[in-house]
Amino acid sequence: MNDPKNLNASFGKRLRELRRERAFTAAQLADRLGVSRAAVSQFESGASLPSLSTLFTMAACLGVSVDRLLGVTYTYTVIEGDGVYGIRQICTQGAELCI
């Protein structure tokens, strides 16, 4: 299992990249999330993680899924059995976050 500090740091890096891609300042994102500028700084540095409700609001503000914000990616494979086809979803990155 990955070190929680590494998970926090990778989340913070993704958050900063997404915020900058959308040309938001940290203060603007903080206003949209209803948190302080210092809280956004802590999220981006990996010092802390947002609450679940803030995480969902953050994803909506940035126009991404919560999975993308968390760094979880999936691959899909077509499976066949007895003439029946289906799709299997496999968590391929961020597996420690997959259930």
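Here, every reference points to the structure presented above.
Conventions used here
Residues numbered from 1 in each chain as written. Predicted model: local features only at pLDDT ≥ 70, side-chain atom pairs only at ≥ 80, totals over all residues. Heavy atoms only, no water. Helix = DSSP H or I, 4+ residues; strand = E, 2+ residues; numbered from the N terminus. Buried < 20%, exposed > 50% of the residue type's maximum accessible area, 1.4 Å probe, protein only. Contact = heavy atoms within 4.5 Å. Salt bridge = Lys/Arg side-chain N within 4 Å of Asp/Glu carboxyl O. Axes fitted to C-alpha atoms, helices over the stretch in contact; angles between N-to-C directions. Parallel < 35°, antiparallel > 145°, perpendicular 65-115°, else oblique. Left-handed = near helix turned anticlockwise from the far one by under 90°. Nonpolar A, V, L, I, M, F, W, Y, C, P; charged D, E, K, R; others polar. Core = buried A, V, L, I, M, F, W, Y, C linked by side-chain atoms within 4.5 Å. Polar contact = N/O pair within 3.5 Å; in protein donor to acceptor, adjacent residues only side chain to side chain.

A. The arrangement of unusual backbone geometry in detail. Backbone geometry at alanine 23 places phi at a positive 60°, although glycine is not the residue there. Tracing the chain through its elements places alanine 23 in the loop between helix H1 (4-21) and helix H2 (26-33). Classification of alanine 23 by relative accessible area gives exposed; the value is 62%.

B. The environment of glycine 12, seen in detail. Structurally, glycine 12 can be placed in helix H1. Judged by relative accessible area, glycine 12 falls into the buried class, the value being 0%. Separated by 33 residues in sequence, glycine 12 and serine 45 place their C-alpha atoms 5.6 Å apart. With residues near it in sequence (within four places) discarded, glycine 12 still touches Phe43 and Glu44.

C. Here's a closer look at the pattern of salt bridges. Per the stated rule, a full pass over the model turns up 3 salt bridges. Residue glutamate 44 is joined to arginine 16 by a salt bridge in which the shortest nitrogen-to-oxygen separation is 3.6 Å. In this pair, glutamate 44 sits in helix H3 (residues 37-45) while arginine 16 sits in helix H1, placing the two residues 28 residues apart along the sequence. Exposure remark for glutamate 44: the relative accessible area of 7% places this residue in the buried category. Here the salt bridges do not stand alone but share partners, grouping Arg16, Arg19 and Glu44 into one network.

D. Geometry of the packing of H2 against helix H4 (residues 52-62). Where H2 contacts H4, the axes come no closer than 10 Å and their chain directions differ by 120°. When the axis of H2 is compared with that of H4, the two are oblique. Handedness of the H2/H4 crossing: right-handed. Each of Leu29, Arg32 and Leu33 in H2 lies in contact with H4, whose residues at this interface are Thr54, Thr57, Met58, Cys61 and Leu62. Here the residues of the contact of H2 with H4 sort into 5 nonpolar, 2 polar and 1 charged.

E. Fine view of the nonpolar core. Grouped together as the largest cluster of nonpolar side chains are 18 residues, with contacts concentrated most on Phe11, Leu15, Leu29, Met58, Leu62 and Leu69. Put simply, the parts of the chain that give this core at least two residues each are H1, H2, H3, H4 and helix H5 (66-70).

F. Summary view of the environment of arginine 14. With respect to the helices and strands, the residue arginine 14 is situated in helix H1. Look past the residues within four positions of arginine 14 in its chain and what remains in contact with it is Arg68, Leu69, Leu70 and Gly71. A polar contact of 2.9 Å, which involves the side chain of arginine 14, links it to the backbone oxygen of leucine 69.

Function-wise, these values are silent; they only describe arrangement.
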